[in-house]
Amino acid sequence: KDKRSRFWGVYKRVAEEHDGEFLERYTTDMDIVLIFSGLFSAVSTGFIVAMESNLNPDPSDTTNALLKQIVQIGLGNLAEAGTAPVDPGSTWSPSALAVRIQLVAYASLSMSLLAAFGAVLGKQW
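Residues numbered from 1 in each chain as written. Predicted model: local features only at pLDDT ≥ 70, side-chain atom pairs only at ≥ 80, totals over all residues. Heavy atoms only, no water.

So, the pattern of salt bridges
- Applying the stated criterion across every chain yields a total of one salt bridge.
- Among the ionic pairs, lysine 123 bridges to aspartate 31, the shortest N-O distance being 2.7 Å. Residue lysine 123 is located in helix α4 (residues 96–124), and its partner aspartate 31 is located in helix α1 (residues 3–51); the two are separated by 92 residues in the primary sequence.
- A relative accessible area of 35% means that lysine 123 is categorised as partly exposed. (Salt bridge = Lys/Arg side-chain N within 4 Å of Asp/Glu carboxyl O. Helix = DSSP H or I, 4+ residues; strand = E, 2+ residues; numbered from the N terminus. Buried < 20%, exposed > 50% of the residue type's maximum accessible area, 1.4 Å probe, protein only.)

Structure below.
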């Protein structure tokens, strides 16, 4: 064997050793990212579901307004009851703080799922 063939043999052995260590290290790192992003996504989804009610009007407000109108009609106060049914939900809008919090929660969930997707692609590669 000449010097060039020995060089490439040594190079191949060192490169395979280095690549093996590299792949092992980053495979375990991607496993950690997958576990963390899965847990974070689950917790984040729980908070999003719990906060979803802040973005909708309270249905009991509509029920209470209609019951009040029925009582007024029953008492004979037709003028106070009004002619059109009351719908407090038509004038309701969510607070700016609730919308911002939901926006951040959805953004964090999206980034977590994107990180998990990237880790899966990395493991498949």
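Description of the environment of leucine 55
- Here leucine 55 shows up in the loop between α1 and α2 (59–74).
- We classify leucine 55 as partly exposed; its relative accessible area is 23%.
- Sequence-wise, leucine 55 and serine 95 are 40 residues apart; in three dimensions their C-alpha atoms are separated by 8.0 Å.

So, α4
- Look at α4: 42 Å from first C-alpha to last across 29 residues, which is about the 42 Å you get at 1.5 Å a residue.
- For α4, the complete set of buried residues consists of Ala98, Gln102, Ala105, Leu109, Ser112, Ala116 and Ala119. (Expected span 1.5 Å × (residues − 1).)

Details of the packing of aromatic side chains
- One pass over the full model with this rule turns up five aromatic pairs.
- Ring centres of phenylalanine 22 and tyrosine 26 lie 4.6 Å apart, and the angle between their planes is 55 degrees; on these two criteria the pair is classed as tilted. Highlighted residues: phenylalanine 22 and tyrosine 26, both in helix α1, separated by four residues, approximately one helical turn.
- Judged by relative accessible area, phenylalanine 22 falls into the partly exposed class, the value being 37%.
- Judged by its relative accessible area of 37%, tyrosine 26 is partly exposed.
- Ring geometry for phenylalanine 36 versus phenylalanine 40: centroids 6.0 Å apart, planes at 25 degrees, classification stacked. Separated by four residues within a single helix, phenylalanine 36 and phenylalanine 40 lie in helix α1, roughly one turn from each other.
- Exposure remark for phenylalanine 36: the relative accessible area of 57% places this residue in the exposed category.
- By the ring-pair criterion, three or more aromatic residues cluster together here, those being Phe7, Trp8 and Tyr11. (Phe/Tyr/Trp six-rings, centres within 6.5 Å; stacked < 30°, edge-to-face > 60°.)

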